[in-house]
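Spelled out from the first residue to the last, the chains are:
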There are 2 protein chains.
Amino acid sequence: MDVFEAVKTMLAVRSYKKDPIPSEIISRIVEAGRLTASAMNRQHWDFVVIQDRQTLQRLGKLASTGGYIAGAPLTIAVAVPDSFLGHIDGARAAQDMMLVAWQAGVGSNWVGKVNTPEIKELLYIPEDRIVLTVIPFGYPADEIGRGVKDRKPLSEVAHAERYGTSYQS
Amino acid sequence: MDVFEAVKTMLAVRSYKKDPIPSEIISRIVEAGRLTASAMNRQHWDFVVIQDRQTLQRLGKLASTGGYIAGAPLTIAVAVPDSFLGHIDGARAAQDMMLVAWQAGVGSNWVGKVNTPEIKELLYIPEDRIVLTVIPFGYPADEIGRGVKDRKPLSEVAHAERYGTSYQS
C-alpha cells in the first residue's frame, strides 16, 4: 500500500479481532516511531509496548474514552515531555506508527485524555513526562467501510498564497 | 513506496532543485493533510499553499531557522488553534503531507518558530490561530544519503509493558 493510499483509507478502528499481531509487525510499528524526525533530532519520546492482558484491561478501565483498549491485542503508550515540541514530536511519531500498522492491515485509534496519575502509575511513567496518547492496535473486527471520509471540503481548509483565498486543486 | 519504507527513508531536505512540483502532486499533498484524522474530527487546521516567489523569499527572510524556504518551489503553512489538540492535530496532518510528498520524490522539512506577527501578517493568518509550522517542499538538490539515521537505539526509547523495561524486538 502506498503512502497516499494509507492516508486516504485509514480509519479509526475501535473493535478488534482477538488474533495477536505478529511480533515482526509490532517491531515495525515501534521502529516507525523510533525513526520519526523530531525537532533538533531530540527524540524526546518513549513508547511503552503493552500486550499483557491484565494491563490492557486495566488501561481500558482507566482511559475515560478508550474502554475498547481492553479488547485490543496491543496498545502503545507514547510518553513525551509536557512541552510544545514534546507534544508535536510525539504526535508525529504516533502518526507514523498508525500508518505503518494500517499498511499491515492493523487498525488503531488515538486515545487521548490519558495523562492521569493512575495511568502514569500503571505504566511507571516518570514524573517529568506526560502520556500523550495510548494507541490500541488490532485487526479490525468489522468490515472496514469504504465510504467517503467525513471531512471539510478542500476549499474550506486550503488557501492559495494567503489565508482567505481558496486553493483550487 | 510503501509506508514503512517512506518512514524509514524520509530525511530532512533543505536544498531544492528549481523544478516546479506538478500541480497534481501538490494537490495530493494538501489532500493528505485534509484527510488526516483529528480529535473528535474537528479538523481545526488550515493549509496555506504558497508558490509565489516573492512570498517564498519573504518567508525565507522571516523564518529564523528556515532561510532555505526562499529556494523552495512550494511551501505549505499549517495554521491551528493555539491548544494542545490544535498542536497535535496539526502535527499529524503535517506528517501525512510530508510522507505523501516523500513518496513522490519530494523532500521537505518542518520549520518551526514561525508564529511571529510578521509571518502571520504576510499570510493573513487570523488572530485566533498560530502558525504551527511552514514546510518547504521540493525535489532534493543533492543526492539523498542512504546512511543509517541518527536515532537512539530501540532499547532506549521502547519499553515492554511498563516504562523502564527494555522492549526487545
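Since we're looking at a predicted model, the values are computed, not measured.

Calculation notes
Residues numbered from 1 in each chain as written. Chains lettered and ligands numbered in written order. Predicted model: local features only at pLDDT ≥ 70, side-chain atom pairs only at ≥ 80, totals over all residues. Heavy atoms only, no water. Helix = DSSP H or I, 4+ residues; strand = E, 2+ residues; numbered from the N terminus. Rg over C-alpha atoms; globule rule 2.2 N^0.38 Å. Buried < 20%, exposed > 50% of the residue type's maximum accessible area, 1.4 Å probe, protein only. Contact = heavy atoms within 4.5 Å. Lys, Arg positive; Asp, Glu negative; His and termini not counted. Charge placed at Lys NZ, Arg CZ, Asp CG, Glu CD. Pairing = 2+ DSSP bridges. Axes fitted to C-alpha atoms, helices over the stretch in contact; angles between N-to-C directions. Parallel < 35°, antiparallel > 145°, perpendicular 65-115°, else oblique. Left-handed = near helix turned anticlockwise from the far one by under 90°. Nonpolar A, V, L, I, M, F, W, Y, C, P; charged D, E, K, R; others polar. Least-squares fit on C-alpha atoms with pLDDT ≥ 70 in both. 1 Å grid on protein atoms, 1.4 Å probe; cavity = no way out; pocket = protein on both sides within 12 Å on 5 of 7 lines; lining within 4 Å. Points joined across faces, edges and corners; volume = space filled by probe spheres on them.

Observations regarding the overall build of chain A
Move 1: A tally of regular secondary structure across chain A gives 6 helices and 5 strands.
Move 2: The helix and strand sequence of chain A, counted from the amino end, reads α-α-β-α-β-α-β-α-β-α-β.
Move 3: Computed over C-alpha atoms, the radius of gyration of chain A comes to 17 Å, within 12% of the 15 Å expected from 2.2 N^0.38 for 169 residues, which places it in the range of a compact globule.
Move 4: In chain A, which comprises 169 residues, the share counted as buried stands at 57%.
Move 5: Here the analysis covers contacts within chain A between residues at least 6 apart in sequence; of these, 73% occur between residues at least 24 apart.
Move 6: Side chains of chain A give 19 positive and 19 negative charges; the mean places of these two sets differ by 3 Å.

Quick word on the sheet that holds strand 2 (residues 74-80) of chain B
Paired through their backbone hydrogen bonds, the strands of a sheet run either parallel or antiparallel.
Move 1: The strand order 5(A)-1(B)-2(B)-4(B)-3(B) describes an open sheet built from 5 strands, whose pairing is mixed. A strand with exactly one partner marks an edge of an open sheet, and here the two such strands are strand 5 (158-160) of chain A together with strand 3 (107-108) of chain B.
Move 2: Sheet topology places strand 3 of chain B next to strand 4 (residues 130-138) of chain B; 2 bridges connect them, and they run antiparallel. Pairing of B:Gly107 across the sheet is with B:Gly138, part of strand 4 of chain B.
Move 3: In this fold helix 4 (residues 84-103) of chain B packs onto strand 1 (46-50), strand 2, strand 3 and strand 4 of chain B, with an angle of close to 5 degrees to the strand it touches most, strand 4 of chain B.

Quick notes on the packing of helix 2 (residues 23-34) of chain B against helix 4 of chain B
All names here are of chain B.
Move 1: At a minimum axis separation of 8 Å, helix 2 and helix 4 run at an interaxial angle of 150 degrees. Classified by the interaxial angle, the pair formed by helix 2 and helix 4 is roughly antiparallel. Both helix 2 and helix 4 take part in a crossing whose hand is right-handed. The residues of helix 4 that touch helix 2, namely those facing Arg28, Ile29, Val30, Ala32 and Gly33, are Ala93, Asp96, Met97, Val100 and Ala101.
Move 2: Here the contact of helix 2 with helix 4 is composed, by residue class, of 7 nonpolar, 1 polar and 2 charged.

What about the environment of B:Ala94?
All names here are of chain B.
Move 1: Within the element layout of this structure, Ala94 appears in helix 4.
Move 2: Sequence separation between Ala94 and Phe137 is 43 residues; the distance between their C-alpha atoms is 12 Å.
Move 3: In contact with Ala94, other than residues within four places in its own chain, are Trp110, Thr133 and Ile135.

Brief notes about the pairing of strand 4 of chain B
Residue and element names in this part refer to chain B.
Move 1: Burial within strand 4 is extensive, with 9 of its 9 residues counted as buried.
Move 2: Relative to strand 4, strand 2 runs antiparallel, the two being bridged by 7 bridges. Bridge pairing in strand 4 links Val80 to Ile130.

Quick word on the relation of the copies chain A and chain B
Move 1: When chain A is brought onto chain B, the operation consists of a screw motion whose angular component is 180 degrees and whose axial shift is 0.0 Å, with 0.0 Å RMSD remaining. In symmetry terms, the pair is related by a two-fold rotation axis.
Move 2: Of the residues that chain A buries at the interface, 100% are likewise interface residues in chain B, meaning the two copies contact each other through the same surface.

Some details on empty space enclosed by the protein
Move 1: This model, assessed by the stated rule, comprises 1 cavity of 30 Å³ or more.
Move 2: In this structure, the largest cavity encloses a volume near 40 Å³.
Move 3: What lines the largest cavity is simply A:Val7, A:Met10, A:Gln95, A:Leu99, A:Lys149, B:Leu35, B:Thr36, B:Ala37 and B:Asp96.
Move 4: Broken down by class, the residue content of the lining of the largest cavity amounts to 5 nonpolar, 2 polar and 2 charged.

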